[in-house]
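The primary structure of each chain is shown beneath.
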Amino acid sequence: MSDTTTTRTYETDAKARDLKSRKGTQKERQQDEDQICPECSGQLVHDDDHGETVCSDCGLVVEDTVVDRGPEWRAFDSAERDSKSRVGAPTTKMMHDKGLSTNIGWQNKDAYGKSLSPRQREQMQRLRTWNERFRTRDSKERNLKQALGEIDRMASALGLPENVRETASVIYRRALNDDLLPGRSIEGVATASLYAAARMAGTPRSLDELEKVSRVDKMELTRTYRYIVRELKLEIKPADPEQYVPRFASELGLSDEAERQARQLLRGAKETGVHSGKSPVGLAAAAVYAAALLTNEKVTQSEVSSVADISEVTIRNRYKELLEVQDGNLFA
């Protein structure tokens with residue numbers, strides 16, 4: 001009985017091996033047929049640049065919509081391949097942990113949208129607490145988390161783009177790593193970093209605008225800003241009045257012609273040196289008001305003053321100087 005069973009087992013194994021061998025042979029034959037030209041029986045090649053499968057002998061295009069399943073970039077080592085990989089969320093400097101940690105949602109619901117039981121809610125709240133403790137394990141991370149939150153809040157209030165927030169976060173990180181914070185408030189350094197980043201990106205905001213959304217006064221802001229720029233050796237050019245013109249014109253609803261005229265007035269002032277020693281914001285506001293007068297658009301000094309946060313007296317004095325420069329250039 002045992003010999004018969006063994007014989008049957010050997011026969012079954014032999015049949016299975018034979019069937020597997022036949023399937024493998026058929027698969028290889030099928031692959032070989034897929035690589036043969038149906039017209040001239042020549043060898044088929046894949047043209048990755050054009051996404052085509054063509055015959056190397058007769059040039060017949062067998063397939064013209066080949067999908068390239070590989071990446072569009074090239075990597076020559078493992079480090080470069082990892083840096084270009086798109087798996088996972090992108091890292092960002094705007095979060096203290098660069099966005100690599102896990103966030104536990106505040107909604108007490110499961111994956112199906114059903115509410116959690118009281119015991120499960122208590123457990124999730126305990127997990128959130130410990131997760132928050134692990135995310136900010138030391139004082140440096142807590143400092144960074146608070147400062148980056150301040151930068152994001154002020155940037156949102158001022159309508160600054162994401163690249164400015166990223167630059168401000170990098171500046172604050174550099175200040176923190178260089179031990180520039182002792183003796184200064186977190187809010188003051190965060191505001192100074194945002195002010196510097198906005199000027200570096202060409203989307204400046206005035207000190208008065210920063211003071212309105214910040215938790216520090218103007219004197220502390222200017223003092224901290226000068227200290228950060230000096231210690232970090234930031235290359236920041238003087239604010240250009242023309243950079244304020246598009247925002248003022250947009251908020252006042254002026255035409256493109258008025259904006260172009262305002263830029264022309266400011267360029268004339270630069271050529272004659274009238275802008276030297278004067279506030280860029282005041283010059284920009286005066287240029288916008290003068291351009292509105294020249295293009296017959298109804299804008300009052302009070303409206304311009306409200307948008308630019310500059311007194312009407314400054315606007316009156318500056319716009320007369322700009323018009324005198326333009327008249328001088330016309331009769332020169």
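Anything mentioned here points back to the structure above.
What comes next is a walk through the structure. (Residues numbered from 1 in each chain as written. Predicted model: local features only at pLDDT ≥ 70, side-chain atom pairs only at ≥ 80, totals over all residues. Heavy atoms only, no water.)

1. Structural notes on the overall build of the protein
Here is the rule we go by: Only DSSP runs of H or I with at least four residues qualify as helices, and only runs of E with at least two residues qualify as strands; both kinds are numbered from the N terminus onward. Exposure classes here rest on a 1.4 Å probe applied to the protein chains alone. A residue is buried below 20% of its type maximum, exposed above 50%, and partly exposed in between. Contacts are assigned to residue pairs with any non-hydrogen atoms lying within 4.5 Å of each other. All accessible-area figures derive from a Shrake-Rupley calculation using a 1.4 Å probe, and residue coverage is judged against the displayed protein chains alone.
Check the secondary structure of the protein and you find 13 helices and 3 strands. Burial status across the protein gives 34% buried among its 332 residues. Intrachain contacts of the protein at a sequence separation of at least 6 include 59% that bridge at least 24 residues. Here the protein has roughly 21,700 Å² of accessible surface; of this, 48% comes from carbon and sulfur atoms.

2. Focus on the packing of aromatic side chains
Formally: Classification of ring pairs uses Phe, Tyr and Trp, with its six-membered ring standing for Trp, and accepts pairs whose centres are within 6.5 Å; under 30 degrees between planes counts as stacked, over 60 as edge-to-face, and the remaining range as tilted. Over a ring means this: the NZ of a Lys or the CZ of an Arg is within 6 Å of the ring centre and within 35 degrees of the ring normal.
Counting across every chain of the model gives 3 aromatic pairs. Ring geometry for Tyr289 versus Tyr319: centroids 5.0 Å apart, planes at 90°, classification edge-to-face. Residue Tyr289 is located in helix H11 (residues 280–294), and its partner Tyr319 is located in helix H13 (residues 312–331); the two are separated by 30 residues in the primary sequence. Pair check on accessibility: Tyr289 and Tyr319 agree, each one buried. When the ring centre of Tyr227 is taken as origin, the NZ or CZ atom of Arg184, which lies over that ring, is 3.6 Å away.

3. Describing unusual backbone geometry
One non-glycine residue, Lys233, adopts positive backbone phi at about 55°. Position of Lys233 among the secondary structure elements: in the loop between helix H8 (218–232) and helix H9 (245–252). Positive phi values are uncommon outside glycine, yet Asn296 reaches one of about 60°. Within the secondary structure, Asn296 sits in the loop between H11 and helix H12 (301–308).

4. Looking at the pattern of salt bridges
Condition: The rule for a salt bridge is simple: a side-chain nitrogen of Lys or Arg has to be within 4 Å of a carboxyl oxygen of Asp or Glu.
Enumeration over the complete set of coordinates arrives at 16 salt bridges. A salt bridge links Glu209 to Arg247; the nearest nitrogen and oxygen atoms lie 2.8 Å apart. Remark: Arg247 occurs in helix H9 and Glu209 occurs in helix H7 (residues 207–213); sequence separation between them is 38 residues. Judged by its relative accessible area of 15%, Arg247 is buried. Its salt-bridge partner being Glu257, residue Arg260 comes within 2.5 Å of it at the nearest N-O pair.

5. What about the packing of helix H4 (residues 139–158) against helix H6 (residues 186–200)?
This is how it is decided: Axis lines are fitted through C-alpha atoms, for helices just across the contact stretch, and the angle between N-to-C directions can take any value from 0 to 180 degrees. These descriptions rest on fixed angle ranges, namely under 35 degrees for roughly parallel, over 145 for roughly antiparallel, 65 to 115 for roughly perpendicular, and the rest for oblique. Note on convention: the crossing is left-handed when the near helix lies turned anticlockwise from the far helix by less than a right angle, right-handed when the turn is clockwise. Amino acids are sorted into nonpolar (Ala, Val, Leu, Ile, Met, Phe, Trp, Tyr, Cys and Pro), charged (Asp, Glu, Lys and Arg) and polar (every other residue, Gly among them).
Two elements in contact, H4 and H6, have axes separated by 9 Å at closest approach and are oriented at 50°. When the axis of H4 is compared with that of H6, the two are oblique. Note on packing geometry: the crossing formed by H4 with H6 is right-handed. The residues of H6 that touch H4, namely those facing Asn143, Gln146, Ala147, Glu150, Ile151, Met154, Ala155 and Leu158, are Ile186, Glu187, Ala190, Thr191 and Leu194. Among the residues forming the contact of H4 with H6, the class breakdown is 8 nonpolar, 3 polar and 2 charged.

6. Looking at H11
Structural remark: α-helix, 3.6 residues per turn; residues separated by three or four positions point the same way. Threshold: Expected span, for any helix, means 1.5 Å times one less than how many residues it has.
The end-to-end C-alpha separation of H11 is 21 Å, in line with the 21 Å expected for 15 residues at 1.5 Å each. With 12 of 15 residues buried, H11 lies mostly within the body of the structure. The positive-phi residue at the C-terminal boundary of H11 is Asn296, with phi of around 60°.

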